[in-house]
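The lines below spell out each chain.
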Amino acid sequence: MSQSLFMPLAEAVRHFVHDGDSVALEGFTHLIPFAAGHEIIRQEKRHLTLIRMTPDIIYDQMIGMGCADKLVFSWGGNPGVGSIHRFRDAYEHSWPRPLAIEEYSHAAMAAMYQAGASRLPFATLRGFIGNDLPQYNHNIRQVECPFSGERLAAVPALNPDVTILHAQRADRHGNVWIKGIVGAQKEAALAAKRVIVTVEEQVDELEAPLNAVILPHWTLAAVCVVPRGAHPSYAHGHYSRDNAFCIAWDAISRERDSFLAWMDRHVMQVRDFAETLQLITAAQRTELA
Amino acid sequence: MNITWTADEMMTVAAARRLGNGIACFVGIGLPSAAANLARLTHAPEVVLIYESGTLGTRPDVLPLSIGDDELAEKADSIVSMPEIFRYYLQAGRIDVGFLGAAQVDRYGNLNSTFIGGDYEHPATRLPGAGGAPEIAASAGEVLIVLKQGKRSFVEQLDFMSSAGYFSGGDSREKSGATGRGPSAVITDLGILTPDPVSRELTLTSLHPGISVEQVIAATGWPLQVAAQLDTTPPPTAHELSVLRDLHARTRAAHSQSKLA
């Protein structure tokens, strides 16, 4: 039974991601599921509501390729580098299509995933004090504590149709072990209706220590083995963040033409992520030579 | 010995000196991260640096490019989830100092990191957004702000309020429900501004060496209050400068290497 969890990434995306879905690709800088994002772009999924605390390069690519109608987020940029230009072009100039936004803070989104995983309707936090967002995002409301009378921020639960994660390792049953900076991945997974996880490797036994962050196989829809599937993000214990690529993305994505040319060559015209990585590696070797 | 330094270095050194040894500091990326690590590598070896990626007590050898670099994870005492860092640590009042940057600050230390110009739906320049800052500004015991001073960043009126300082001054922060005390200093490349104890208006209380009051006033978008007793910030020491320059050199070397090739 559990063996059916393992499938090629293209098949998982075809089966479990539909046009119009709300989709959360999570991973706080670490373990960002780039390979899965590329597969969604390649399969030309449309009208997605993209959810992510920190939309960075992968959402820049998905937005620029026209996958998204809406973005739910709390910080959108290329960390340490600057803006994500395709996001800004979509939001400010509706290219390639208009993009609606629903903006929160990190504290709020973490709580919204927790509420979603708990199947509660909303989350409370001592949040947005003095912040102007509630004027524009009417899902940020107030609730009165029934015990103390304190006014607290209330935000709706997040329950994505699909959450997609990348992780280091799955065992033969499909149990997944996430190591290192874990962000809100566990909450985002357990909040979702369906979960796809790409992993660096499949092993017989996880041999994880007690209290490790494990996603049980019976909470997942698909597990796909995709080595280096988080590049240019990183997988702790496997490879480091490719900061040089993240810096290079700024110039690639600044103009529509250079962005489309890069995406066509590295995503649309390849069969899978392994080919994308080969192209990037070859380009970086040439640059170093 | 004749020591020279840049305005950026003076700002980072002055900001680092405000961090006490042993305190728990929630660190923003960029200038705050450089200053917090300089403090750790000089006078405050026991400072507990916490990044919003959930790394507690981290001691990076190079400055992270992103808030979640593997360097931060490798060198951390422990790593906790995002709900845990924001709810059990920050909201619970376990953070002594929040260390923030921003695009704009006003005279009461309120911050904007959301957009510049136009309006929210049609911004002239959309910025990444506030991320963790709104709750750091509200819930950290105190807040240090580090920001280059100029008329475009020190503004009469914020385009958007992302994170609370002292609201409209006086006791308006106390009435807001924010549990932290608010900004204790804004450290710039020209000097140090601290809030007036009663009005809470940012007041120039220290000038960096070689900077004139007129320069600071000219770089401020509101009529700047200047303290009657104006200090001069002690210049960077040779030790502070060498530690900071080594840190930046290590960082540049680390980030220029591709990890795939």
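Look above for the structure.
Q: It is not clear to me how the interface of chain B and chain A should be interpreted in this structure. Could you clarify?
A: Interfaces are often sized by the amount of accessible area the parts lose when they come together. Chain B puts 50 residues into the contact, and the matching count from chain A is 57 residues. Here chain B packs against chain A, burying approximately 4,600 Å² in sum over the two surfaces, 60% of which is carbon and sulfur. Across the chain B-chain A interface, the total number found is 1 salt bridge. Counting every contact that joins chain B to chain A gives 21 residue pairs in polar contact (both at pLDDT 80 or more). Among the secondary structure elements, those contributing two or more residues to the side of chain B that touches chain A are α3 (70-74), α4 (82-91), β9 (123-126), α5 (133-139) and α7 (238-256) of chain B. With 5 residues, α4(B) is the largest single contributor of residues to the side of chain B that touches chain A.

Q: Would you take a moment to explain helix α8 (residues 256-268) of chain A for this structure?
A: Since there are 3.6 residues in each turn of an α-helix, residues three or four apart along the chain are aligned in direction. Residues and elements named next belong to chain A. With 13 residues, α8 extends only 16 Å from end C-alpha to end C-alpha; this falls clearly short of the ideal 18 Å at 1.5 Å per step. Those residues of α8 that fall on the buried side of the exposure criterion are F259, W262, M263, H266 and V267. Projection of α8 onto a plane perpendicular to its axis shows the buried side chains occupying an angular sector of 100°, all on one side. Among the exposed residues of α8, those oriented more than 90 degrees off its buried face are D257 and R265.

Q: Sorry, what's going on with empty space enclosed by the protein here?
A: Any empty space left between atoms is shown by rolling a water-sized probe over those atoms. All names here are of chain A. Enumeration according to the criterion identifies 2 cavities of 30 Å³ or more in this entry. Considered as a void within the structure, the largest cavity measures approximately 70 Å³ in volume. For the largest cavity, the full set of lining residues is T29, I32, F34, D56, I57, N78, P79, P232, S233, R241 and C246. Along the lines of polarity and charge, the residues of the lining of the largest cavity split into 6 nonpolar, 3 polar and 2 charged. The calculated volume of the second largest cavity comes to roughly 40 Å³. Lining the second largest cavity are F34, H38, Q61, H231, P232, F245, W262, F273, T276 and I280. Contributions of two or more residues to the lining of the second largest cavity are made by α2 (34-42) and α9 (273-288). Here the lining of the second largest cavity takes 3 residues from α9, the largest share from any one element.

Q: How should the pattern of salt bridges be read in this particular structure?
A: Between side chains of opposite charge, pairing is possible as soon as their charged atoms come close. Within the structure shown, the criterion is met by 29 salt bridges over all chains. A:R86 is paired through a salt bridge with A:D89; the nearest N and O atoms lie 2.7 Å apart. Here A:R86 and its partner A:D89 are both found in helix α4 (residues 85-93), 3 residues apart, which amounts to about one turn of the helix. The exposure classification of A:R86 matches that of A:D89, with both residues buried. In this structure, the salt-bridge partner of B:R126 is A:E103, at a minimum N-O distance of 2.7 Å. Taken together, the residues B:R126 in strand β9 and A:E103 in strand β4 (residues 100-103) connect one chain to another. The exposure classification of B:R126 matches that of A:E103, with both residues buried. When salt bridges with common partners are traced through the structure, they connect A:E26, A:R52 and A:D56 into a single cluster.

Q: Would you mind showing me how to read the pairing of strand β2 (residues 48-51) of chain A here?
A: Side-chain positions along a regular strand alternate between the two faces of the sheet. Residues and elements named next belong to chain A. Of the strand pairs in this sheet, strand β1 (residues 22-25) and β2 are connected by 3 bridges, and their pairing is parallel. Pairing of V23 across the sheet is with L50, part of β2. In this fold, the crossover linking β1 to β2 by way of α2 has right-handed handedness. Here β2 runs beside strand β3 (residues 68-73); their pairing, made up of 4 bridges, is parallel. Bridge pairing links T49 to K70 in β3. As for the winding sense of the linkage, the β-α-β connection from β2 through helix α3 (residues 57-64) to β3 is right-handed.

Q: Whenever I open this one, unusual backbone geometry confuses me. Can you help?
A: Residues apart from glycine generally show negative phi values, whereas peptide bonds are mostly found in trans. All names here are of chain A. With an omega dihedral of 0°, the bond running from W95 to P96 counts as a cis peptide bond. Relative to the helices and strands, P96 resides in the loop between α4 and β4. For the bond from H231 to P232, the omega torsion is 10°, close enough to zero to count as cis. Mapped onto the fold, P232 is located in the loop between β12 (222-225) and α7 (243-254). Even without being glycine, F128 reaches a positive phi, approximately 60°. One can find F128 in the loop between β5 (122-125) and β6 (141-144). Residue F128 is classed as buried on the basis of its relative accessible area, which comes to 7%. In this structure, E207 is a non-glycine residue whose phi angle is positive, near 50°. One can find E207 in the loop between β10 (194-202) and β11 (213-215). Its relative accessible area of 71% is what places E207 among the exposed residues.

Q: For this particular structure, what's the right way to read the sheet that holds strand β13 (residues 202-207) of chain B?
A: In a beta sheet, neighbouring strands pair by backbone hydrogen bonds and run either parallel or antiparallel. Residues and elements named next belong to chain B. If you walk across this open sheet you meet the 10 strands as β4-β3-β2-β1-β5-β10-β11-β12-β13-β14, and the pairing is mixed. Where the open sheet ends on each side, the last strands, each with one partner, are β4 (78-79) and β14 (225-232). Bridge count between strand β2 (residues 48-51) and strand β3 (residues 55-56): 2 bridges; the pairing is antiparallel. Within β3, the position partnered with Y51 by the bridge is T55. The sheet strands contacting helix α2 (residues 31-41) are β1 (24-27), β2, β5 (97-100) and β10 (142-146), and the helix crosses β2 at an angle near 160°. Across the sheet, α4 lies against β1, β2 and β3, angled at about 140° from β1, the strand it touches most.

Q: How do you make sense of the side chain of B:R173 when you look at a structure like this?
A: All names here are of chain B. Take R173: it is sitting in the loop between β10 and β11 (183-187). It turns out R173 is buried and unbridged, and the closest side chain with the opposite charge, E174, is 6.4 Å from it. Here the side chain of R173 touches A164 through a polar contact of 3.4 Å, landing on its backbone oxygen. Those residues in contact with R173 that lie beyond four places of it in its chain are A137, A138, A164, G165, Y166, F167, A178, G180, R181, G182 and P183.

Q: Could you clarify how one ought to interpret the pairing of β5(B) in this entry?
A: Residue and element names in this part refer to chain B. Because side chains alternate across β5, one face comprises the buried residues V97 and F99, and the other comprises G98 and L100, equally buried. Strand direction decides the pairing type here: β1 and β5, joined by 3 bridges, are parallel. Opposite C25, over in β5, you have V97 as the bridge partner. By the bridge criterion, 4 bridges tie β5 to β10 in an arrangement that is parallel. If you follow F99 over to β10, its bridge partner there is L144.

Basis of the calculations
- Residues numbered from 1 in each chain as written.
- Chains lettered and ligands numbered in written order.
- Predicted model: local features only at pLDDT ≥ 70, side-chain atom pairs only at ≥ 80, totals over all residues.
- Heavy atoms only, no water.
- Contact = heavy atoms within 4.5 Å.
- Buried area = accessible area lost by both parts, 1.4 Å probe.
- Salt bridge = Lys/Arg side-chain N within 4 Å of Asp/Glu carboxyl O.
- Polar contact = N/O pair within 3.5 Å; in protein donor to acceptor, adjacent residues only side chain to side chain.
- Helix = DSSP H or I, 4+ residues; strand = E, 2+ residues; numbered from the N terminus.
- Expected span 1.5 Å × (residues − 1).
- Buried < 20%, exposed > 50% of the residue type's maximum accessible area, 1.4 Å probe, protein only.
- Arc of directions from axis to C-beta.
- 1 Å grid on protein atoms, 1.4 Å probe; cavity = no way out; pocket = protein on both sides within 12 Å on 5 of 7 lines; lining within 4 Å.
- Points joined across faces, edges and corners; volume = space filled by probe spheres on them.
- Nonpolar A, V, L, I, M, F, W, Y, C, P; charged D, E, K, R; others polar.
- Pairing = 2+ DSSP bridges.
- Right-handed = clockwise from strand over helix to strand, strands pointing away.
- Axes fitted to C-alpha atoms, helices over the stretch in contact; angles between N-to-C directions.
- Lys, Arg positive; Asp, Glu negative; His and termini not counted.

Treat this as a map of the structure, not an account of what it does.
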